[in-house]
Amino acid sequence: MLPAPFEYHAPHTTEETLELLDQLGDEGKVLAGGQSLIPLLKLRFASPAHLVDVNRVPGLDVIEERDGVLRIGALFRHKAAERSTMLASRYPVIAEAAGQVADPIVRNRGTVGGSLAHADPAGDWGSVMLALDAEFVLQSKSGRRSVKARDFFSGPFSTALQPNELLTEIRIPAAQGRTGGAYLKLERKVGDFATVAVAVHLQMDDGKVRSAGIGLTAVGAQNLKAEQAEAALRGRPLDDAAINEAAELAAAAAEPKADQRGSEAYKRNVVRVFTQRGLRRARERARGGA
Amino acid sequence: MGRPITVTVNGEKTSAEVEPRLLLVHFIRERLRLTGTHIGCDTTHCGACTVLFDGVPVKSCTMLAVQADGRQLTTVEALHAGGALHPIQAAFKEEHGLQCGFCTPGMMMSSFALLAENPDPTEEEIRWALSGNICRCTGYMNIVKAVRAAAVQMKEAAAVPAGAATGS
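Cut-offs used in this document
Residues numbered from 1 in each chain as written. Chains lettered and ligands numbered in written order. Predicted model: local features only at pLDDT ≥ 70, side-chain atom pairs only at ≥ 80, totals over all residues. Heavy atoms only, no water. Contact = heavy atoms within 4.5 Å. Salt bridge = Lys/Arg side-chain N within 4 Å of Asp/Glu carboxyl O. Polar contact = N/O pair within 3.5 Å; in protein donor to acceptor, adjacent residues only side chain to side chain. Helix = DSSP H or I, 4+ residues; strand = E, 2+ residues; numbered from the N terminus. Nonpolar A, V, L, I, M, F, W, Y, C, P; charged D, E, K, R; others polar. Buried < 20%, exposed > 50% of the residue type's maximum accessible area, 1.4 Å probe, protein only.

Trainee: Tell me about the interface of chain A and chain B, and name the residues and values.
Mentor: On the chain B side, the residues contacting the 31 residues of chain A number 36 residues. One can count 3 salt bridges joining chain A with chain B. Measuring nitrogen to oxygen at the nearest pair gives 2.7 Å for the salt bridge that ties Lys42 of chain A to Asp42 of chain B. Where chain A packs against chain B, one counts 13 residue pairs in polar contact (both at pLDDT 80 or more). Elements supplying a minimum of two residues to the side of chain A that touches chain B: helix H2 (37–42), strand S3 (50–53), helix H3 (78–83) and helix H6 (104–109) of chain A. Per-element tally for the side of chain A that touches chain B: the top contributor is H6 of chain A, with 6 residues. The class makeup of the residues in the side of chain A that touches chain B is 16 nonpolar, 5 polar and 10 charged.

Have a look at this one:
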């Protein structure tokens, strides 16, 4: 299968990239890891006239925790997230999700930023970023703006990103106090999209929940943030009653559709069970380390 | 439409003009005539087209040839450079790590990258590393055995001091 013809650009700086995107407008499409985009081009679901390959732009693959913010660059690849010991100890929800994205070969190439910009409702990173209350830096020739994850996704494969903008950076509030997290994913086989997945990020203070983030994958038109469940946990000890209540609220927030992977009721129940398990696992991890 | 690229393939520099939409796997098979790399699903699922891109396994059906400009590619043909089977190839043969053989080039390239990084992988680590490569014949048992056997073989070979093997 061959993509439709396109012109290829390989800029070497962010400025050059933004200039190109500004000129090309609707005709241009950013190529990062390409693990979703190239299949779409081959199937001709997408046929942009211009591809702007950002893989040769240095510095876009950074990861850095400083001044209360964890910054992840747009070209940070799934594999790097999977292997980062810092992420495993401080942001387990990221590390645990990373190893479950697609398969190991795809993870070598695919990027966290590209996956977010692609915004597949069954993609893993959107839920993780919703749980972490991340924001995305969107840069264009005329300036930059930050958009919260919860305002970024607007439907299947739809985001706040404008054609002339590049998602350059993911910004996550640095983990504080005792932090735990988990990503639970039900998939039929390695490499399949999630039937259901749940992301949990937990910060504990004196045995009570300082904040809880819960993101839901593949149970709606976009990745969902279970805000009522999050609110129900805040300031409470994380006992069975709190966990069960949050799990019920997360299940209620899900908007699953029946398909070959399962019925609506089944998926909703998986959300409930995974929220319980995710919160317990996150609690264990929060107890285990800082 | 053509765009000049220079790629180092199995240690040799090659230059060509390619259309931007040319997929890396087609460049490898049709332009370089290195047909050991197979096209299986053509949809990023099966891993039959796995090659090493700067030493890292990638699905060559899911990259563009232009992206390889200035980079190093390693295909399955590199394994038997010098005429003798690579220990990974020998082990796949010995342990019946293949039946129809279609997935084998990709399996071996993923195994090669795994063993370069982790010379003594556990069964679980092997299964994890190969989970992006699909085999429809073997049920994977013998593939895992082959990778274990190759690891042992390569470790023993590495333990023999240089020149010692030429004695007899």
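Following the structure, the description resumes.
Trainee: Any chance you could break down the side chain of Gln203 of chain A for me, citing the residues and the numbers?
Mentor: All names here are of chain A. Its place among the elements puts Gln203 in strand S12 (residues 196–205). Residue Gln203 is classed as buried on the basis of its relative accessible area, which comes to 11%. A polar atom in the side chain of Gln203 sits 2.6 Å from the backbone nitrogen of Gln176.

Trainee: Give me the lowdown on the pattern of salt bridges, citing residues and values where you can.
Mentor: Residues and elements named next belong to chain A. Applying the stated criterion across every chain yields a total of 34 salt bridges over all chains. The partner of Glu82 in a salt bridge is Lys79, and the shortest N-O contact between them spans 3.7 Å. With Glu82 and Lys79 both in helix H3 and 3 residues apart, this pair spans about one turn of that helix. Via salt bridges that share partners, Glu64, Arg66, Asp67, Arg71, Glu169 and Arg171 belong to a single interconnected network.

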